Each structure stands twice: as structure tokens, then as C-alpha cells.
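# Structural characterization, general
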Amino acid sequence: MEKRKICNALILLLIALALTGCWDKKEVEQKAYVIGLGLDKSEDKGPINVTLLIANPEVGSQQTGGAQNEPVQEIITLPANDFISVKNTANVVVARELSYDLMEIIIVSEEFAKEKEFIRWMYDAAKEREIRRDIFLAVSKEKASEFIKKNKPKVETRPHKYFQFMIRQGIQTGLIPKSDLHRFFKVTEQDADLFLAMYISSKKDESTTFGNVDQYLPGELDISGSSNQTQFIGSAVFKEGIMIGKLNGQETRIAQTFDNTSNISNVMVTYPDPFDEDYKIAIRLIKKHPVDVKMSLQNGRLNINMEVPFTVEVLTDPSMANYATDSEKVKILKEHLQSTLEKSALNFIKKTQEELKGNPFSLSLHGRRLFSTIPEYEDFDWMKSYPEADINVKVKMELGEFGKQTKVIDLEKVRD
Amino acid sequence: MWTPLQRKKLKQKLQLPERSASKDIELKEQSISPLLNDCLSLFKNIYSVPDNKDVQIRELTINKLEMQAAAVFINTIADTKEVEDRVIQPLLLNRDENKQITDIVTAQTVKTVTIVKDAMAEINNGNTVVFVEGMTKCFVLNTSNFQSRAISNAEDEVILKGPKEAFNEKAVTNISLVRKKIRNENLIVESVEISKRSKNEVFVLYIKDLVNDELLGNIKKRLSSLNADAIQNLSLLEQYIEERQLSLFPSILYTERPDRAASFLEDGHIVLLMDNSPASLILPATFWSFFHTPEEHYLRFPFGNITRALRMAALFIALFTSAIYVSITNYHSEMIPPDLLLAIASTREKVPFPAVVEILIMEVAFELIREAGLRVPNPIGPTIGIVGALILGEAAVSANIISPIVIIVVALGGLCSFSVSDINLNYAVRFIKFIFISAAGIFGIYGMTALFIMGIFYLVSLKSFGVPYLAPLSPKYVSSGDTMFRTLLKNEVFRPGYLKPKDIVKKGGEN
């Protein structure tokens, strides 16, 4: 009896195996891995043009063997209705099954991002299982297909490595925002703040003149040499899923320092030297603690006080003022930096209130505390109220180190 | 076990040419005849003397007493010098008319038996039996000396720090090795005869004032109920007495280390010893006793626990690496970093087999190397290394049969499986690895998880002589907490509660 029972159970188990099983099994080498996806508005052929950047695993991943003469990547652009069914359409030219497993970046042209309909296609990304929410969204100045074709990294030839490093380093320096899909969906659905996507270009813009180093948009920085001309700097601003404006590198940094959900912790910037108008000093801003935001509601009008804590390290001393040893000079330096920082912060806030009519630094999260129920908060309509709010920014500054060697030479004495 | 009905059916089917032994049995059951000649001819008949070369019958006349006598012994298993010095010479050179025979011989022990069967048993054990004309009893003199090898180093359970000696094939030596570690009158060595024809004897060792009587009774009952013609050694006995013969997991610990046996005895376990077995059986045994080695207690606290952590990691690596490789490459390729995934894809580009087959080929090859390496005669041994490393490793990769990553995966798993030193658990881990690989090939990580959970269910349901397999971790018992990690020696205060020992407190804490 016992044995028979066990036999029956085993047979049932075997039958159960046949019910499910290995139908989604796919060997790794049978897939073509899409690293980057470009989305463009199509003029006539179909709703959108999709550009696929496909990695060739055989190049650069093995010490010996492999196919070293093959190109490192394949790029194809094709008209499509959406970027999900493209996986099959692309098989007209690509020999393997397309997979979005290793996707790093979705690049959208500025033209397409400004479309009202843009968000309809973006939500396909939430449907597709293979697309992860940590994929980055970037906006290219030119057409995405053009960007992908022109982008030819010299050292990081394998595309996934290039995007991985480029984005990671850009986010660390604060010049581009951390714009993953998850954040895009979250911010869009909250309908209270603005979403920042990284702004990129592979086309050089010759028309600009020299300004402050960080105040550039991609393509504007004049870089010569043999390097790849692709630039990642600044951000594209999305309101309710539509691109409405752009921020340069410096503004992007400010937006991120205000934002407690981003983890930018230390950036290097330059500011005018308080002791000599001709020069600029380099400082390192370290944000050790989150921004302290206090809000109150008076007669339906928002009153916001932000206190940004910074530890500042002064890295250069071009005026040779030797402030490290002089407490008087330190005081001047501190006041100067504080007012400069506050000024640029207020300028930025003014821009967001007047030009963008929304805030790109998750301010609504602090605002939720003012309301006791969700309907009350929703009625308040944060997006509409923000432009009228009174906002004060205070920089709470601490001076840190003054470089490795604190004292510099007395120039007058040396050149006597 | 065969039922009598089945046995009868089997006999009918096979038409076994069986001859009734009832006449022989009758002969053996009778008492010893007072007539020496009758008696000797009976024994000559039974032992087929003179065909049987090593059975010796020495007839003599006891000096002064003037009695006819004969000494019967088997010279290959008796100490012939002992027979000569302590039995034959004293009898021949006796100078006192009034002495009893028991006083004349100088053997260590002398006892008398009256039944033929008993006398035969003594002869078969290497003792000398002296028959005397006119007596209905005979004298048994202890002269037994079986040949055996000397005590040597433990070879299968090697440790660096701690005693090196191991059991050998002689039970007497083995008992002596255990007694050397436990100098206590409560250490009892009982013997139970477990086979009918070969009369194999098992020694049951326990500490009287610790062991749980119910457990002891249960084990003794199981031993004496065995009904086999011969059970030569402990490896065979283990299979006769274990509860789940088909289970992959062992329920009796087989160890060749006397120090291990002694420490289990001191915890209230029962140890079985037997001639012809260079080992002992320890029961009941839990999962932890297979997982541990004595080294972890001999090493200092931190190092012992680091070893345990390593072994636990190795156990899981051995079980899972190949399976994880299969499931990740087949189902969850998004789980690995792009660099690795592209590297795997690139190396698999020219391999003609699916990843499961690739892994199975290498795993089977690895098992073959292991098996062949075990059986190969010593002088040819180095060939195995060359064949294994060069041909299976290098050449398989250059021939595009196997991708190099698979070699790493399989080699890592294989290496880790060696860190489980118990041979039974080692086999279990190696076999279960294959089940995991097939589960991974069919269902991916989901299948592995399901199988692992089922395995845990099974482990929890297992029992060894009434003791839950994962005790004292699950279910919880009072114990010294020696499971995945060990505690400080001074904190090992309790004997394992799942044994229900008579004295649970091992030491009274710090003085």
C-alpha cells in the first residue's frame, strides 16, 4: 500500500512537470542584447522610429578566442508602432532573439520628448517584463538615432561599459540627474514635482561663448583632442510627462543638492575669488546632512524655509591671499561664499517658479506633512501652488580643509 | 525481511538442493561424553580432521594424576606458544597428585562447559579446550590470538590537531582504545551475537549511568532480532539496523576515530564495535554529527568556528553552484552583471550543447575522475591527474565542447564537496547536486527553491532511533548548542537533551 501511494505521488509529480516546464528557457548565446534604445518621432513611415544598439558579446569579453575582427556593436533603426513589438520586427535583419535584459539607457530625442503623446510610448516600458526600472532615461538634443550613430567612445569600446561608467560618473559629479525610469514614473504619477532627465548630445554647438564652466548644455563645452565628442551635462525638465525646458549643469547640481532623495554628496565648483575679482577659487561642496525644509501655510499661501547644510573645502588660492592662517580673511571668505551660494540658489528657485512653474527637487514630499488627509493634499494642487510660494534659502556653511598645503608663498616677496 | 511464506515459495521456485541439518544439530546439542575416545571422534568428525589442517588435537597423559586427556585448538587463531607454555607443559610436568586440573594449567582464565556446541564455539574463537577421560565437562583455556594489523593513523578523517590513532580490525583493540579515553567502571561493553552461521559478535558500548535505558533496550532488541547467516562488519550491520534504507541521508554515524566515539559515549550515545571493522557505529546520529569533525573542538574557539562557517559555505556551494549556473543562464540572465553575461554568451558561442548538458558532462566527468582515482592501483595513480586536468579540462575547452566558465563552476563545486568529510553525507551531497541541476534545468531558480524546501521538509521529518534529524536546532532541545557553530568549551554545560540521558548536566559551570 505504502509503495503504491509513493508511486502514485511520483507519477502525479512527473505529470505536473509536463504542465509547466522549460518553455521560457533560452540559452544566453541565442539572444541579442540591446544596450541602448533610441526613440524618435517619425515623419511619415510610422508613429515612431526605434533605434537599437546591440552589443556583440564576442568582442572584448574573452582574453583568447572570440571574434576580434567583428564590430563591437550593431545599430539598426526601423519604423515601428512601439518598442516592444520591435523585438520581433528587428529579426528581419538581426539573427538572434532580441532581449532587453541588459538595457542601460533609453534615449529620446528632444523633439519627441516635447510631444504631448510621448508618455503613451513611455508607459510601454512599464509593461515589458524585460525592461527594468533602473534603466536611465536620457534626452538627446539631436535625433536619438543620430546620437547613437555618432557616439563612438574611443576607450570604452563596449557600449554597456561606456554607458555604465559615463552615467555613474556624471551622477556622482552632479552634472546630470539620476533619471531612472522608476523615478520618471513616480514623479509623473505624483503630479506635484518636475522630473529631470539627463541631457546629452553628440553634436558640437559652435555658437556659444565662454561662461562659467558648469553653465553649459551638452555640446556647448569646447573640447578638442581625439576624444569622443558626446557630452552628458545638464538636464531636460519634464512636467506631466512632457519636456518643457532644460537646466544647465550648474542648475542641475543645485536641484540635486536641494533634493533629499538624491544622494549627491560632494561636488567641485568654482566661484569668484573674494580677494581678487580676476580670479576664481575652486571649492568642494560636501552635503553631509539632508536639507532642512520647514513649511507653513498662511491663508492658502505657501511659506517655505530651506536650510542647506554644506561643508566647504577651499581647494585653490589664486589670489595668494593665504586666508587659511588669517581668521579675518576666513570670515570674509565665508560670508562671500555664503552669499554667492544663496544668490545662485535663489536665482535658480526664481527660474523654477517663473519659467518652469514647478520644482524639480521633490519638495512636495515635505509638503505632504501640512495636510491631514490625502484628499486635502490633492485639493491643494501642489503644482499650481508652488509658483506663488514664498521661498527662503539659507546656506548653513562650515569651512573644512584648505587643501593639502594650507599656506602659499608670498608672491610679492618672491618677485622683488 | 522475508516472511516464512515467501521463503517457502522461493524455495519451491528455485528447487534448492537443501539437505536437512537436523542430524548435525542433534550431535551438537548433546552433552560431552565421559569417554575420551567417543568425544574425540565426535570432534574429529565435526571438524573433518585430518582434512582440516589447522585444527589440532593433542592427546596426552596428565603427569601424576595419570589421566588421559586431549587438548583441541585451531593453531591459526590460537597463540601456539601460549598453548604450549600454559596448557600442555603444565599438564605434562605436573608434580602434585592432589591438584585439580584448573590449578595445574596456568592460562589466564579457565572455565568449564558441558555441551558440545559450547565447546565448539570456544574452539572457533581461538581458545583451547581440554577434554579429560571420565569427565562430562571440558576445560576452556583462554589462548585466543587472531592476526590483525597494528594501530595506525586515521586515514579518512584526518585532523591536524588532536589524537591521530584510529580503530583497527580487532574489536579488542578498539575497546581498549575507547577505555583508554574513558577510565570509568560505568563504561559497559556488552556483546550480542547477530548472525547464525558465522556467529558474528557485536560489542555494544555505553555508559551505564548516562544512557537512556529505553534507547539502549530498543537498540539491543533490534540487534538480537537480526536473522542473517553472516554479518561480517559494521558497514553491513549499519544497513541492517538503519530505519530508512532508501534515504539519501545517513542515520548512523560511521567513524574510525576512537576519540570521537569516546566523546559521543560521554554524551550518552551508544557505540557499536565489531571485529573486522576499522571503525565504530554511533547511534543515534543527527545531521550535525555528520557535518562536524572533531577538529573543530580541538581547534581554539575562533578557528573552530571559522572552519564550521567555511564548511557550511562549502556545503551550499557544492550543492548549488552548478544548478545556479544552469538556471541563471537559462532563465534569469538579467540577474548577472552585463560583463559576466556577455562573457558567458561569448564563450558559449561555439559550444554545441545547451548549458544543462554542458554542466552534466563536466559533472559526470568529475565523478568519473573521482571514482577512477579511488580504484586505480597506486603505481598508475598519476595518470588520473594528467587525464583529468589536461584532457578533460584544457582539451575540452579548446575543442569547444565545454566553455571555460563551466569548468570553474564544476571544479568549485567538486572542490567544496570534499570539505564534507563524512563519507555518507558526502555521497548524499554529490547525488543531490544532480537533482538540483535537473530541477534548475527544468524550472530555473523556482525549481531549485521548491526542491530545497521539499528537502528541508524531508530532513525535518527524518528520525534516527527516535531522535529528530535536525535536533537540537529544530525541534529545540536542551543541549550545549553545538550545531552550526560551537560555543566556548566552558559553556558546553549540557548533554544533548534529545537523548534523554540520565544525567543532563555535563559540568557545573565555572568554579
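Here the structure is a predicted model, which means the values were calculated and not measured. (Residues numbered from 1 in each chain as written. Chains lettered and ligands numbered in written order. Predicted model: local features only at pLDDT ≥ 70, side-chain atom pairs only at ≥ 80, totals over all residues. Heavy atoms only, no water.)

### A short note on the pattern of salt bridges
A side chain of one charge can pair with a side chain of the opposite charge if their charged atoms are brought near each other. Residue and element names in this part refer to chain A. Put simply, the rule reads: Within this document, salt bridges are pairs made up of a side-chain nitrogen of Lys or Arg and a carboxyl oxygen of Asp or Glu, the two lying within 4 Å of each other. Helical segments are the DSSP runs of H or I of at least four residues, strand segments are the runs of E of at least two, and each set is numbered from the N terminus. When a residue's accessible area, from a 1.4 Å probe over protein chains only, is under 20% of the maximum for its type it is buried; when over 50% it is exposed; and in between it is partly exposed.
This structure, assessed with the given rule, holds 47 salt bridges over all chains. A salt bridge links Asp259 to Arg183, with the shortest nitrogen-to-oxygen separation between them at 2.8 Å. Residue Asp259 is located in the loop between helix H9 (249-258) and strand E10 (266-272), and its partner Arg183 is located in helix H8 (residues 181-190); the two are separated by 76 residues in the primary sequence. The buried category is assigned to Asp259, whose relative accessible area is 3%. Among the residues examined, Arg183 registers a relative accessible area of 17% and is labelled buried. Taking the shortest distance from any N to any O, the salt bridge between Asp390 and Arg301 comes out at 3.0 Å.

### Concerning the packing of helix H13 (residues 301-330) of chain B against helix H18 (residues 423-443) of chain B
All names here are of chain B. Put simply, the test is: Between N-to-C directions, angles cover 0 to 180 degrees, with each direction set by a line fitted to C-alpha atoms, over the stretch in contact for helices. Here is the rule for angles: anything less than 35 degrees is roughly parallel, anything more than 145 is roughly antiparallel, 65 through 115 is roughly perpendicular, and the remaining ranges are oblique. Two helices that cross are described as forming a left-handed crossing if the nearer one is turned anticlockwise from the farther one by less than a right angle, and a right-handed crossing if clockwise. Any pair of residues with heavy atoms lying within 4.5 Å of one another is described as a contacting pair. Three classes are used, and their members are as follows: Ala, Val, Leu, Ile, Met, Phe, Trp, Tyr, Cys and Pro are nonpolar, Asp, Glu, Lys and Arg are charged, and the others, Gly among them, are polar.
It is at 8 Å that the axes of H13 and H18 come closest, and there the two elements cross at 20°. Classified by the angle between their axes, H13 and H18 sit roughly parallel to one another. Crossing geometry of H13 relative to H18 is assigned as right-handed. Between H13 and H18, the residues in contact are Leu315, Ala318, Leu319, Phe320, Ser322, Ala323, Val326 and Ser327 and Val429, Ile432, Lys433, Phe436, Ile437, Ala440 and Gly441, respectively. Residue composition of the contact of H13 with H18, grouped by class: 11 nonpolar, 3 polar and 1 charged.

### As for H8(A)
All names here are of chain A. Along H8, the residues classified as buried are Leu181, Arg183, Phe184, Phe185, Val187 and Thr188. Tucked into the core, H8 has its buried residues touching strand E5 (105-109), helix H4 (118-122), helix H5 (124-127), strand E6 (136-140), strand E7 (195-201) and strand E8 (231-239). Asp191 occupies a position one or two residues after H8 and carries a positive phi of about 55°.

### Focus on the domain arrangement of chain A
Residue and element names in this part refer to chain A. Test applied: Each domain span listed reflects an automatic or database assignment of domains. A simple way to read buried area is as the amount of 1.4 Å-probe accessible surface that goes missing from two parts once joined, with both sides added. Pairs of N or O atoms are called polar contacts if they sit within 3.5 Å, as long as, within protein, a hydrogen donor faces a hydrogen acceptor (for residues adjacent in sequence, only side-chain-to-side-chain pairs).
Taken domain by domain, chain A consists of domain 1 (28-258) and domain 2 (265-416). The C-alpha centroid of domain 2 is placed 31 Å from the C-alpha centroid of domain 1. On the domain 2 side, the residues contacting the 27 residues of domain 1 number 32 residues. Between domain 1 and domain 2 lies a buried interface of about 2,300 Å² when both sides are counted; carbon and sulfur atoms form 58% of it. Here domain 1 and domain 2 share 1 salt bridge between them. There are 8 residue pairs in polar contact (both at pLDDT 80 or more) connecting domain 1 and domain 2. At the level of elements, helix H7 (159-173), H8, E8, strand E9 (242-247) and H9 are the ones that each hand at least two residues to the side of domain 1 that touches domain 2. The element best represented in the side of domain 1 that touches domain 2 is H9, accounting for 8 residues. Grouping the amino acids of the side of domain 1 that touches domain 2 by side-chain chemistry returns 9 nonpolar, 9 polar and 9 charged.

### Remarks on the pairing of strand E5 (residues 138-141) of chain B
Residue and element names in this part refer to chain B. Just so we agree on the cut-off: Note on pairing: two strands pair once DSSP finds at least 2 bridges between them.
Burial along E5 is two-sided: Cys138 and Val140 facing one way and Phe139 and Leu141 facing the other are all buried. Examined bridge by bridge, strand E4 (residues 128-132) and E5 share 4 bridges and lie antiparallel to one another. By the bridge assignment for E5, Val130 is matched with Phe139. Between E4 and E5, which pair antiparallel in sequence order, lie 5 residues; one of them, Gly134, sits at a positive phi of approximately 90°.

### Description of the domain arrangement of chain B
Interface size is commonly expressed as the accessible area that is lost once the parts come together. Under the domain assignment, chain B is made up of domain 1 (24-141), domain 2 (171-285) and domain 3 (299-467). Relative placement of domain 1 of chain B and domain 3 of chain B: their C-alpha centres are 63 Å apart.

### Some points on unusual backbone geometry
Residue B:Val49 is joined to B:Pro50 through a cis peptide bond whose omega torsion reads 10°. Relative to the elements of secondary structure, B:Pro50 occurs in the loop between helix H3 (36-47) and strand E1 (55-62). Here the residue pair B:Leu283 and B:Pro284 is connected by a cis peptide bond, since its omega of -5° sits within 30 degrees of zero. Secondary-structure assignment places B:Pro284 in the loop between strand E10 (280-283) and helix H11 (287-291). In this structure, A:Glu240 takes a positive phi of about 50° despite not being glycine. Position of A:Glu240 among the secondary structure elements: in the loop between E8 and E9. Residue A:Glu240 is classed as partly exposed on the basis of its relative accessible area of 46%.

### A word on a nonpolar patch on the surface
Rules: Two joining distances apply to patches: 9 Å for like charges and 5 Å for nonpolar side chains (Val, Leu, Ile, Met, Phe, Trp, Tyr), and every residue must have over 30% relative accessible area and no salt bridge. Note on areas: Shrake-Rupley, 1.4 Å probe, and residue coverage restricted to the protein chains presented here.
Together, A:Met320, A:Ile409, A:Leu411 and A:Val414 give the surface a local cluster of nonpolar side chains, amounting to about 320 Å² of exposed area. Residue position: A:Ile409 is located in the loop between strand E14 (390-399) and helix H14 (411-414).

### A closer look at the interface of chain B and chain A
Across the boundary between the two partners, chain B contributes 23 residues, which contact 27 residues of chain A. Interface of chain B and chain A: buried area, both sides summed, is about 2,300 Å²; carbon and sulfur atoms make up 58% of it. When the area that chain B buries against chain A is broken down by residue, the three leading residues are B:Asp339, B:Leu342 and B:Glu349, summing to 25%. Between the two partners, chain B and chain A, sit 5 salt bridges. Where A:Arg158 meets B:Asp339, a salt bridge forms, and the shortest distance between an N and an O atom there is 3.3 Å. Inspection of the region where chain B meets chain A yields 11 residue pairs in polar contact (both at pLDDT 80 or more). Among the secondary structure elements, those contributing two or more residues to the side of chain B that touches chain A are H13, helix H14 (338-348), helix H15 (355-375) and H18 of chain B. Residue contributions to the side of chain B that touches chain A peak at 10 residues, all from H14(B). In terms of residue class, the side of chain B that touches chain A is built from 12 nonpolar, 6 polar and 5 charged.

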